[in-house]
Amino acid sequence: MDKIIIREIEKEILHEKLDNGLSVYMLKNEKVNNFYITLTCRYGSIDNEFEIDNKKIKVPYGIAHFLEHINFNEEKGVTAHDYFTKLGSFYNAFTTFDFTTYEVMSSTYFEENLSHLISYVSNFYLTDELVEKEKNIICEEIKMGKNNPGNKLFFNSKKALLKNDKRKYLITGEIKDVLSTTRQDLKKVFDYFYQPENMFLVITGNFEPNVALDIIKKTYSKISFQNKKRPIPIREKETMSVPKKIETIYTNIELPKIKISFKMKRSIFEKFDDDTLQIYIDAILHNNFGSTSIFKENLMENNLISFISSSCDVSHNLIIISIIFESKSKDIDEICKLIFDNLMNMKINNEDIKRYGRINISSLINSYDDIEYVNTDIVDQLIRNKKINDNYFGMFNNLSNEEANEVLSKLDFSNKSVFYMLPKKESK
Amino acid sequence: MEYKTNNNNQCCIHTIKTEKFNNSCIQIVFQNMYEENNITDYNFLVNLMSYCSNKYPSHRELCKELENLYCTEINLYNMRIGDSMLSIFSIDFLNPKYCYEKFLDDVIDFFYSIILDPIFENEKYEKNFEIIKNKMMFDIESEMENPIHKAIIRSHHYFDKSIPTAHSSLGTIERLNSIKRNDLISLYNKIIRDSNCEIFVIGNLDMANPCEKISSKFNNQSKRINKKEHFIARNNITKEIISKEEMGEYEQDVFVTVYDTKCLDDFERNYTMNVFNNIFVSGGLTSKLYKYLREENSLCYNVKSIYQKHDNILSIVVGLDSKNKDKCIELITKALTEMVNGEFSEEELNSSKKNILTSIELGKDSIASTLNNYMFNIIENGDLFETKQKKYESISKEQIMNVAQKVYPKVYYILKGDKNGQNNN
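Residues numbered from 1 in each chain as written. Chains lettered and ligands numbered in written order. Predicted model: local features only at pLDDT ≥ 70, side-chain atom pairs only at ≥ 80, totals over all residues. Heavy atoms only, no water.

Trainee: With reference to specific residues and values, describe the sheet that holds strand 2 (residues 12-17) of chain B.
Mentor: Residues and elements named next belong to chain B. Across the sheet, which stays open at both edges, the six strands sit in the order 1-2-6-3-5-4 with mixed pairing between neighbours. In this open sheet, the two strands that pair with only one neighbour each are strand 1 (2-7) and strand 4 (73-81). When the angles between neighbouring strand axes are averaged without regard to direction, this sheet yields 15°. In the sheet, strand 1 pairs with strand 2 via six bridges, with the strands oriented antiparallel. Within the sheet, the bridge partner assigned to N7 lies in strand 2 and is C12. (Pairing = 2+ DSSP bridges. Helix = DSSP H or I, 4+ residues; strand = E, 2+ residues; numbered from the N terminus. Axes fitted to C-alpha atoms, helices over the stretch in contact; angles between N-to-C directions.)

What follows is the structure, encoded as structure tokens:
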């Protein structure tokens with residue numbers, strides 16, 4: 001097995017790639033009582049269109065999430081829920097834009113939990129009746145999501161900002177998408193994407209890695225996979241034009257929530273890898289919009305806002321920076337102007353960047369206590385960078401004020417969208 | 001893990017020495033009687049003390065100092081357990097071995113500057129007062145944006161409008177507008193000087209050091225927490241089931257049933273009820289309610305249960321279409337009748353117990369859960385993890401059936417959403 005060594009905290013992540021193409025990552029922690037296992041497929045909500053043998057295939061939005069629901073069925077009347085419940089384990093699954101993860105957590109029955117997780121995810125059982133039954137359930141889930149103001153803000157603001165990028169669509173799809181999904185669509189997606197070479201397994205917690213590897217190999221030896229060509233996702237490149245520079249909705253909330261979003265080309269920052277760039281932009285935003293910023297202090301002291309936060313998302317061709325705030329002020333546009341002015345005049349100095357490095361090193365050390373957190377972080381790194389970064393500590397220790405200011409000087413705020421989510425009573 | 005109680009002339013400190021975690025925590029728990037008309041004041045005070053102090057009169061300065069202390073976190077909050085109000089002040093910090101020589105001293109000094117030197121006499125007091133007031137006003141006004149939260153409060157209002165859960169736990173706008181500096185000073189003195197108090201320290205520390213430093217700063221020796229029962233008094237509940245419907249402008253309707261569990265004894269309240277709850281609803285997709293409501297009839301995506309043992313209330317919350325309300329009641333009633341009649345297998349019972357035992361094991365891996373286990377051991381004679389596990393293992397089917405007979409439905413409440421699509425954004 002390969003080893004990825006995190007020197008500063010004396011941890012090593014073991015890695016092995018199986019003959020069937022599956023990658024396994026294991027991080028043992030003898031201090032804890034439990035183990036946490038995730039099996040992830042690199043298939044998420046954004047890939048409803050793909051090409052195979054020069055043929056374009058399109059499936060309904062939300063299918064990755066629908067498949068996640070349906071995958072728990074094992075054979076007639078039997079589900080994975082039945083199995084894990086008997087063991088007393090905690091289990092679940094979730095779908096994101098880029099991947100779907102199946103998880104199990106427990107302190108006992110390691111072999112049974114690991115082996116069954118692999119088996120039920122890798123085997124497809126579905127009938128038309130099961131598909132129809134699940135539709136109503138997912139429709140209620142969609143409605144539950146729409147009751148959540150945070151969800152509304154997130155997805156509606158993305159729709160205003162993004163033209164081609166499918167992150168503007170609900171991960172669940174809309175109700176009409178769910179109702180139009182067929183068993184054939186689900187089987188097609190499963191056959192093409194749920195192949196071991198398109199998946200990886202991450203285990204954290206208290207377990208024996210050699211024992212785990214034997215169980216994994218033994219389990220996979222009993223599963224046959226159809227030899228399918230890897231589909232090529234069709235992802236239209238995002239343009240810099242913004243569909244809606246201003247968008248307003250009125251909904252059932254008490255206080256206005258506003259999100260200002262910017263998109264810019266990743267290629268402007270060619271010199272920096274994704275992780276480094278993410279750290280520098282986060283540091284800059286933290287310094288100028290976070291709790292230690294004079295700007296936030298002024299907004300709070302003048303009773304202009306009750307809440308403000310900033311975020312940045314670095315992906316392979318696009319960077320999105322967002323500022324969200326809540327305000328009761330009659331002049332929200334003035335606050336937007338203040339925010340925009342602050343963005344154009346952001347600063348960061350050596351003391352700021354060093355302090356930022358220090359707080360992140362501290363968070364990293366603490367995070368290794370939490371087997372769920374560290375497992376999730378490994379999954380995120382594998383999805384984003386296709387490898388694990390063994391040098392986060394080094395990166396945070398060596399943050400450079402010159403590089404931070406170089407990034408700052410290149411930030412481009414010319415492609416902007418402002419999304420207003422206002423109380424319904426204000427529309428009257 | 002090594003637990004000790006250090007009782008000296010100054011104060012009582014419970015230490016839990018463990019090498020398990022990379023961080024450490026000091027937690028001070030003050031206990032008073034819960035009074036509904038004081039909740040706004042309590043929340044205002046802890047929010048203000050978390051925000052600033054005499055030494056750090058702006059939140060920005062306070063946050064900067066926390067960052068300088070290697071991302072140390074402070075957490076000041078109030079927790080009601082039954083008729084008691086706990087004001088909990090805690091500080092989480094990295095193990096000093098990763099930091100610098102005097103790090104622990106600096107952390108404790110900082111913590112006590114927050115607790116013992118509040119901002120009341122500082123010239124910047126008024127500005128911070130206004131910030132906290134406005135923030136709380138925003139929070140109270142936004143509270144009902146969440147339909148599930150609103151449905152629970154409203155259903156409890158119909159259950160018994162005198163109980164705390166029938167009202168917002170944040171406070172009221174009326175009281176917020178009338179709070180004055182003297183009110184806060186008076187409450188602060190009551191908490192710091194007159195309350196019952198226990199102090200906890202957990203982490204991989206040489207415990208003599210923090211104990212000595214805490215003792216030198218804090219004198220509350222005579223006021224140990226000795227009230228161990230915390231049940232809320234309630235009005236008499238009607239025998240009939242109350243059925244209510246209210247309108248809201250939401251996408252999905254929310255249905256809540258409220259059950260009276262007043263007749264349970266101590267063991268049932270602390271243990272048997274949790275196993276009952278697991279088989280009935282909280283144990284995931286194989287529990288009775290999930291099976292009937294979601295898997296077999298596709299009525300909903302999510303069913304939630306909230307058991308408040310000190311208030312003797314169990315609430316079941318379902319997000320569904322209101323046209324299915326009667327079917328939902330029929331299925332919930334069927335499931336409860338089955339529990340009363342013992343229509344669940346030994347296998348289901350054992351699976352539920354295993355699930356709860358697993359959750360206890362997960363708790364042992366969390367510094368917060370471990371600390372709270374000791375905290376509730378002191379505050380309400382709660383059992384420690386190992387004893388809990390033994391007691392759960394002992395629970396029998398007959399005991400579950402007995403508990404099921406003591407769970408009385410009292411309220412069926414539905415908060416209806418907007419079906420005209422005006423809210424479909």
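Trainee: Provide a residue-level description of the interface of chain B and chain A, including the pertinent values.
Mentor: The interface of chain B with chain A comprises 57 residues on the first partner and 60 residues on the second. Overall, the association of chain B and chain A removes approximately 5900 Å² of surface from exposure, summing both partners, and the carbon and sulfur fraction of that is 52%. Applying the counting rule to chain B against chain A returns eight salt bridges. We note a salt bridge from K133 of chain A to E295 of chain B, for which the minimum N-O separation is 3.0 Å. Between the two partners, chain B and chain A, sit 32 residue pairs in polar contact (both at pLDDT 80 or more). Secondary-structure elements contributing two or more residues to the side of chain B that touches chain A are helix 2 (59-68), helix 4 (125-142), helix 10 (288-295), strand 9 (300-308), strand 10 (313-320) and helix 12 (346-364) of chain B. If you tally residues by element for the side of chain B that touches chain A, the top one is helix 12 of chain B, at nine residues. (Contact = heavy atoms within 4.5 Å. Buried area = accessible area lost by both parts, 1.4 Å probe. Salt bridge = Lys/Arg side-chain N within 4 Å of Asp/Glu carboxyl O. Polar contact = N/O pair within 3.5 Å; in protein donor to acceptor, adjacent residues only side chain to side chain.)

Trainee: I'd like a description of the pairing of strand 5 (residues 49-52) of chain A, backed by residues and values.
Mentor: All names here are of chain A. Residues F50 and I52 of strand 5 are buried on one face, while the alternating residues E49 and E51, pointing to the opposite face, are not. Examined bridge by bridge, strand 5 and strand 12 (residues 232-233) share two bridges and lie antiparallel to one another. Counted as the bridge partner of E51 is I232 from strand 12. (Buried < 20%, exposed > 50% of the residue type's maximum accessible area, 1.4 Å probe, protein only.)

Trainee: Describe the nonpolar core, listing the residues and the values that go with them.
Mentor: Of all hydrophobic cores here, the largest spans 128 residues; its most connected members are I281, F325 and I339 of chain A. Among the elements that line this core, the one with the most residues is helix 3 (residues 103-116) of chain B, at nine residues. Those residues in contact with I339 of chain A, other than ones at most four positions away along the chain, are I260, F289, F295, I308, I323 and F325 of chain A. Formed by 104 residues, the second largest nonpolar core is a distinct cluster that contains L114 and I223 of chain A together with I356 and F385 of chain B. (Core = buried A, V, L, I, M, F, W, Y, C linked by side-chain atoms within 4.5 Å.)

Trainee: Describe the packing of aromatic side chains, listing the residues and the values that go with them.
Mentor: The geometry of an aromatic ring pair comes down to the distance between the two centres and the angle between the two planes. By the definition in use, this model includes 43 aromatic pairs over all chains. Residues Y83 of chain A and F84 of chain A carry aromatic rings whose centres are separated by 5.8 Å and whose planes lie at 90° to one another, so their mutual orientation is edge-to-face. What makes Y83 of chain A partly exposed here is its relative accessible area of 27%. Its relative accessible area of 0% is what places F84 of chain A among the buried residues. Consider the rings of Y220 of chain A and F225 of chain A, whose centres lie 6.1 Å apart with planes at 35°: the pair is tilted. Members of the aromatic cluster, each reached through a chain of ring pairs, are F72, Y83, F84, Y91, Y102, Y120, F124, F190 and Y194 of chain A. Cation over ring: R358 of chain A sits above Y70 of chain B, and NZ or CZ is 5.7 Å from the ring centre. (Phe/Tyr/Trp six-rings, centres within 6.5 Å; stacked < 30°, edge-to-face > 60°. Lys NZ or Arg CZ within 6 Å of the ring centre and 35° of its normal.)

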